[in-house]
Amino acid sequence: MKKYIMTNLIMKLWPERRSFNDQEIKTALQPTMKRLQRQHFMVSFLRGLAVAMLAALLLLAYSFLRPWADVTFYCLVVAGITILVTVVLAVISRPGLWEAACQVDAKGLKERVSTALELSNSISDNPMQRLQREDALKQLCAVDVSANFPLLLPRREGKILLVLTGFLLLLNVIPNPWQGEVDRQMAVRQEIAQQQKQVEKVKKELEKKNEKAPSARREEGIKALEDLQQKLAEAKKQEEAMKSMATTEEQLHKIASGKQDHVNSDLERLSQVLKQEEISRELGEKLATGNSREVEPSFAKMAEKIPALSIADQQKLAASLNKSSMAVSDGGLKNQLSQVAKTLNSGAAREAGGQLQSLGTTLGAMSSQAAVNSDLARAQLALQSSRMAIAAVGNSGNNGNIAATGTACQNPECNTPGCNGTCQGGNSPGGGNSPGSGSGQGTKPGTGAGAGAGAGAGAGAGAGAGMGSTNQDNPQQRASSGGPAGGNLPAGMNSEDYEKIYDPARLGRAGETSYVKGQEGSGPQQTMAIDNPDIMPDTMLPYRQVIGEYSQLARESLNRSVIPAGTRDLVRDYFSSLEN
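Residues numbered from 1 in each chain as written. Predicted model: local features only at pLDDT ≥ 70, side-chain atom pairs only at ≥ 80, totals over all residues. Heavy atoms only, no water.

K.L.:
How would you sum up the overall build of the protein? Please name residues and give values.
P.N.:
Along its length, the protein carries 20 helices and five strands. The buried share of the protein, taken over its 580 residues, is 39%. Put simply, of all contacts in the protein between residues at least 6 apart along the chain, 67% involve residues at least 24 apart. When the accessible surface of the protein is summed, it comes to about 33,000 Å², and 55% of that surface belongs to carbon and sulfur atoms. (Helix = DSSP H or I, 4+ residues; strand = E, 2+ residues; numbered from the N terminus. Buried < 20%, exposed > 50% of the residue type's maximum accessible area, 1.4 Å probe, protein only. Contact = heavy atoms within 4.5 Å. Areas by Shrake-Rupley, 256 points an atom, 1.4 Å probe, with all protein chains shown as cover.)

K.L.:
Got a sec to walk through the nonpolar core? Specific residues and values, please.
P.N.:
Judged by nonpolar contacts, the single largest core of 29 residues is most densely connected at Leu270, Phe299, Leu321, Leu333, Leu344, Leu356 and Leu363. Breaking this core down by element, the ones donating at least two residues are helix H12 (263-274), helix H13 (281-289), helix H14 (292-305), helix H15 (311-327), helix H16 (331-346) and helix H17 (349-399). It is H17 that contributes the most residues to this core, seven residues altogether. Residues within four places of Leu344 in sequence aside, it is in contact with Ile306, Gln314, Leu317, Ala318, Leu321 and Ala352. By size, the runner-up hydrophobic cluster in this structure holds 21 residues, among which are Val202, Leu206, Ala235 and Leu376. (Core = buried A, V, L, I, M, F, W, Y, C linked by side-chain atoms within 4.5 Å.)

K.L.:
Account for the packing of helix H4 (residues 97-109) against helix H5 (residues 112-120), with residues named and values stated.
P.N.:
Where H4 contacts H5, the axes come no closer than 7 Å and their chain directions differ by 140 degrees. Comparing the axis directions of H4 and H5 gives the class oblique. Of the residues in H5, those in contact with Leu97, Trp98, Ala101, Val104, Asp105, Gly108 and Leu109 of H4 are Arg112, Val113, Ser114, Leu117 and Glu118. The class makeup of the residues in the contact of H4 with H5 is seven nonpolar, two polar and three charged. (Axes fitted to C-alpha atoms, helices over the stretch in contact; angles between N-to-C directions. Parallel < 35°, antiparallel > 145°, perpendicular 65-115°, else oblique. Nonpolar A, V, L, I, M, F, W, Y, C, P; charged D, E, K, R; others polar.)

K.L.:
So, helix H6 (residues 127-141): which residues are in play, and what are the values?
P.N.:
Here H6 is 15 residues long and its end C-alpha atoms lie 21 Å apart, about the 21 Å a rise of 1.5 Å per residue gives. Where H6 is concerned, the buried positions are Gln129, Ala136, Leu137 and Leu140. End-on, the buried residues of H6 take up no more than an arc of 100 degrees, which puts them together on one face. Facing away from the buried side of H6, by more than 90 degrees, are the exposed residues Pro127, Met128, Leu131 and Lys138. For H6, the capping residue at the N-terminal end is Asn126, with a side-chain oxygen 3.2 Å from the backbone nitrogen of Met128. (Expected span 1.5 Å × (residues − 1). Arc of directions from axis to C-beta. Polar contact = N/O pair within 3.5 Å; in protein donor to acceptor, adjacent residues only side chain to side chain.)

K.L.:
Please provide a residue-by-residue account of the side chain of Thr86, values included.
P.N.:
Among the structural elements, Thr86 can be located in helix H3 (residues 71-92). Residues in contact with Thr86, not counting those within four places in the same chain, are Ser44, Phe45 and Gly48.

K.L.:
So, the packing of H15 against H16: which residues are in play, and what are the values?
P.N.:
Two elements in contact, H15 and H16, have axes whose closest approach is 8 Å; the angle formed by their N-to-C orientations is 160 degrees. Here H16 runs roughly antiparallel to H15, going by the angle between their axes. With respect to the hand of their crossing, H15 and H16 are arranged in left-handed fashion. Contacts from Gln314, Gln315, Leu317, Ala318, Leu321, Asn322, Ser324, Ser325 and Met326 in H15 reach Lys334, Leu337, Ser338, Val340, Ala341, Leu344 and Asn345 in H16. A per-class count over the contact of H15 with H16 returns eight nonpolar, seven polar and one charged. (Left-handed = near helix turned anticlockwise from the far one by under 90°.)

K.L.:
Which residues make up H5, and what are the values?
P.N.:
When H5 is considered as a whole, its buried residues turn out to be Val113, Ser114, Ala116, Leu117 and Ser120. Seen from one end, H5 has its buried residues packed into an arc of 160 degrees, which puts them on one side. Buried residues belonging to H5 abut helix H2 (23-63), H4 and H6.

This is the structure in structure tokens:
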């Protein structure tokens, strides 16, 4: 039925093409027919252009009612389709020989040419027909085609085009109330495209590691990243991209965790315990590298040495392994460690060597699992970073340029290590409007004790803090600035929830101290003389007295949490650097 309707429509649009046998008249009509076709195509194109401009005008007007980032694209698509359809229809309905003959006859030939064409198909041949043909041909050749059929721009179509052009220019000049939202959407799409490249980079890193050490879980992670790439290519909105990335993060977390979320923590604790004794320190160091190719040979080497060890050394090794068994949570690993220790204490050196070699094989497999966990955790962190980047770009259109940890600082001196371009301003009556805390990435330690510490100074020497301690209760701060100098506290927590500590020396390599000049206000000032301007008696505890407790609490919290393995490694490295 549909095919029948389309056929009838085409037959109605397609004019009837009649064939004529008089070649001379057909040749004489060619200039007229070509001129008529040019005029026909010009008028059809202008009409199609007018329709396309009208459609674009309606789409642009609609974009003033709601944010539409793709309005330009759809305007071009609709205009292109309209003009293409117009050209096709113009070709189908173009004038032929019969239309040209009728138009020539209308110029004063009184149907001579059309009659001659009609008689050209007649079978009979008589003198009257020949005379009529000769007269028609003579009159046709005398017609001035250029003068009688000039190419004229149609006035109606021209006026319509001028009006539509004016409206289109007006809509492009008038500010669109949704332009800010449109710019935000375009910026989000560009950021999504940029993060697609980051996802591709993460996927290639996993593929490269999987070539060296094939793993089914890595392959699952690679497949999840490939699906994410496809979803990001189709995503047009911030919500779609962030939802896809969050889903993939969850998939990677499940793949990395599964029933093996204890592996990394067990290996970490086992490595720490083994490194405490001289006899087993090499085993702990190899285990700490996480390279399964080094773990197994190191335990095999130790298994060969056991018969040559003294009774005292064997007992020390047994004690270290027995202590290690109490530190791990995996039941099978705990039994293996205990069995080796028991065999060593019984004096069966060769049997203990075989058990130790088997233990090395088990730990090598666990190291491979831990490596996969770490790789997937790093991929998960990379996706989280990409998702936060998209969110930051999306939020910038609504809330201005908002940093992840604070409001963008307008003071040019805020662009220093430790402040990272963001700061939380204090508005103290006596100390000025200078920032009281810094928010940094922790690459250059400041004078604070937080994980992301950066030093910021108002009128005093306030210590910036990330997720560490604040210096709100420092009397010097209160005296000089009249307000708190607290860092970025988690939601629902006050600075009183933290224990006040101080650190008289820098940690690690020398960093850079950042100072922000304050402006003297009109409020009252209070000064007091103290022996040590950095430390008030009975107000803070020495840093060295609490770091051990803090480190232990942090490790216990990590073991009970669902934090990805890659993040746990970063936290452990941070506290290890503090202890060292």
